[in-house]
Every structure is written in structure tokens, then in C-alpha cells.
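Results of the structural survey
So the chains spell out like this:
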Amino acid sequence: MKNSRLSDIEIETLQEFCEFVEAQPVEPSPSADTRIMARVKQDLQPSIGWLYAKFATIEAGAGVATLFFCPQFGFAFSGHNAFFHALHEQTGFFTFYLICGLLFVVLGAAMSALLLSYNELKSIKMSKYLYYLMFGVVAFLSFFVAGAEILWLSAMPWILGAYLGNLLGFGVVARVRETRRSAY
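Report on the accompanying structure. (Residues numbered from 1 in each chain as written. Predicted model: local features only at pLDDT ≥ 70, side-chain atom pairs only at ≥ 80, totals over all residues. Heavy atoms only, no water.)

So, on to the packing of helix α3 (residues 48-66) against helix α7 (residues 128-145). As a packed pair, α3 and α7 sit with axes 12 Å apart at the nearest point and diverge in direction by 45°. With respect to their mutual orientation, α3 and α7 come out oblique. Crossing of α3 over α7 shows right-handed handedness. Residues Tyr52, Phe55, Ala56, Glu59 and Ala60 of α3 form the contact with α7, whose own contacting residues are Lys128, Tyr131, Tyr132 and Phe135. Tallied by class, the residues present in the contact of α3 with α7 amount to 7 nonpolar, no polar and 2 charged. (Axes fitted to C-alpha atoms, helices over the stretch in contact; angles between N-to-C directions. Helix = DSSP H or I, 4+ residues; strand = E, 2+ residues; numbered from the N terminus. Parallel < 35°, antiparallel > 145°, perpendicular 65-115°, else oblique. Left-handed = near helix turned anticlockwise from the far one by under 90°. Contact = heavy atoms within 4.5 Å. Nonpolar A, V, L, I, M, F, W, Y, C, P; charged D, E, K, R; others polar.)

Here we come to the packing of aromatic side chains. Per the stated rule, a full pass over the model turns up 13 aromatic pairs. A ring pair is formed by tyrosine 52 and tyrosine 131, whose centres lie 5.0 Å apart and whose planes are at 15°; its orientation type is stacked. Note that tyrosine 52 is positioned in helix α3 and tyrosine 131 in helix α7, a separation of 79 residues in sequence. Each member of the pair, tyrosine 52 as well as tyrosine 131, is classed as buried. Aromatic pair phenylalanine 104 and phenylalanine 143: ring centres 5.0 Å apart, planes at 65°, arrangement edge-to-face. In this pair, phenylalanine 104 is assigned in helix α5 (residues 93-115) and phenylalanine 143 in helix α7, connecting sequence segments 39 residues apart. The same class applies to phenylalanine 104 as to phenylalanine 143, namely buried. Aromatic ring contacts, followed pair by pair, group Tyr52, Phe55, Tyr129, Tyr131, Tyr132, Phe135, Tyr163 and Phe170 into a single cluster. One Lys or Arg, arginine 177, reaches over the ring of tyrosine 118 and ends 4.4 Å from the middle of that ring. Lying across the ring of tyrosine 118, arginine 181 places its NZ or CZ 4.2 Å from the centre. (Phe/Tyr/Trp six-rings, centres within 6.5 Å; stacked < 30°, edge-to-face > 60°. Buried < 20%, exposed > 50% of the residue type's maximum accessible area, 1.4 Å probe, protein only. Lys NZ or Arg CZ within 6 Å of the ring centre and 35° of its normal.)

Moving on, we get to a negative patch on the surface. Together, Asp8, Glu12, Glu16, Glu19 and Glu22 give the surface a local cluster of negative charge. Topologically, glutamate 16 is positioned in helix α1 (residues 8-22). Overall, glutamate 16 belongs to the partly exposed group, its relative accessible area being 48%. (Patch = residues over 30% accessible without salt bridge, like charges linked within 9 Å, V, L, I, M, F, W, Y side chains within 5 Å. Areas by Shrake-Rupley, 256 points an atom, 1.4 Å probe, with all protein chains shown as cover. Salt bridge = Lys/Arg side-chain N within 4 Å of Asp/Glu carboxyl O. Lys, Arg positive; Asp, Glu negative; His and termini not counted. Charge placed at Lys NZ, Arg CZ, Asp CG, Glu CD.)

Once that is clear, we can look at the nonpolar core. Formed by 30 residues in total, the largest nonpolar core has its most connected members in Phe55, Phe73, Phe104, Phe140, Phe143, Trp158 and Phe170. Leave out the neighbours within four places in its chain, and phenylalanine 55 touches Ala109, Ser112, Ile124, Tyr131, Tyr132 and Phe170. (Core = buried A, V, L, I, M, F, W, Y, C linked by side-chain atoms within 4.5 Å.)

This is how it looks when you write it as C-alpha cells:
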């Protein structure tokens, strides 16, 4: 049988709680109130510029990592891969560059959807399709500037693949996170 007596710590805690309940309400200073409201607004509505910079950094980092195993336009951090040469010969021009663009982007898009906060995911929702297209174009032009061997006919299928990689990678992970969040 448990002792029903309260310990000194429990009595002190109850006394502090009673003092808190009976105390006069304290208003925060106007400057503190303004700072709190600004912080809440920033958390609920993050800056789109900052958000896209964060998204692009994650995607670019993952894209650069893919260059260790998957060359893009002959640009890679490893030697030429016989598998990719065979894939290029077997799939045809359009399909090959579509797959290359998709592979370059899909990991970064999935990581972005995983690393962004829920409020950031909500903020990016309306303009993500324009971002997907712009990221594909900028990534493609980055390869050109870096000196990659580019056939300009490959631009459209590669950019389309990059768009689909963003759509697939970001969309699937964001949907899973949304579903898991609503389950709780």
C-alpha cells in the first residue's frame, strides 16, 4: 500500500502552482509581442526566396553526388561507364536523356521533401511546378557552362526528365510525409 502523504517537493510544487493561478496576468511588452508575432509569421510563411535557395542547394548537392556513378553529357567524377554506354545504345536518344535527367534530379527532390519543414512544404506547394522547370533548365545550363559535351537536341528530353524527377521524387516523399502526419 502506497503512502498517501505528499513529499516536501510535491507540496512546494502545489504551492507554486497555486501562486501562479492566483497571480495577476502579465502582458508582454509591445516589442516582445511584435518579435513573437514576426517569428510566428516567419515559421508559418517562410520566405520563398530562402525556401527555393534551400531546395536548390539540397538538389544540387545530391545531383553532384550522382555524378560519381551516372555521367551526364560525358561529365562525371568517375570514368566512362560501359553500362551507361550500352543503355544509351539500347534505349534511343530521347529515352536515354529523359532517364539521365530523371536520375540526376530524383534523389535531390526526394531529399528536399524529406528535409523541408511542413510549413515549407505547404509554402512551396503552389509554385513548385515552375521551380521544377527552372531547376531543370539551370542544371542543364550549368553542365554547358562546366564544359560538358552537349548536343542541344538532348536539352528537351533531359529537362523533361529532370522535371519528372522533381515531380516524382518530391511528390512521393511529400505525400508520404503528409499521410504519416495525418495518421497521428
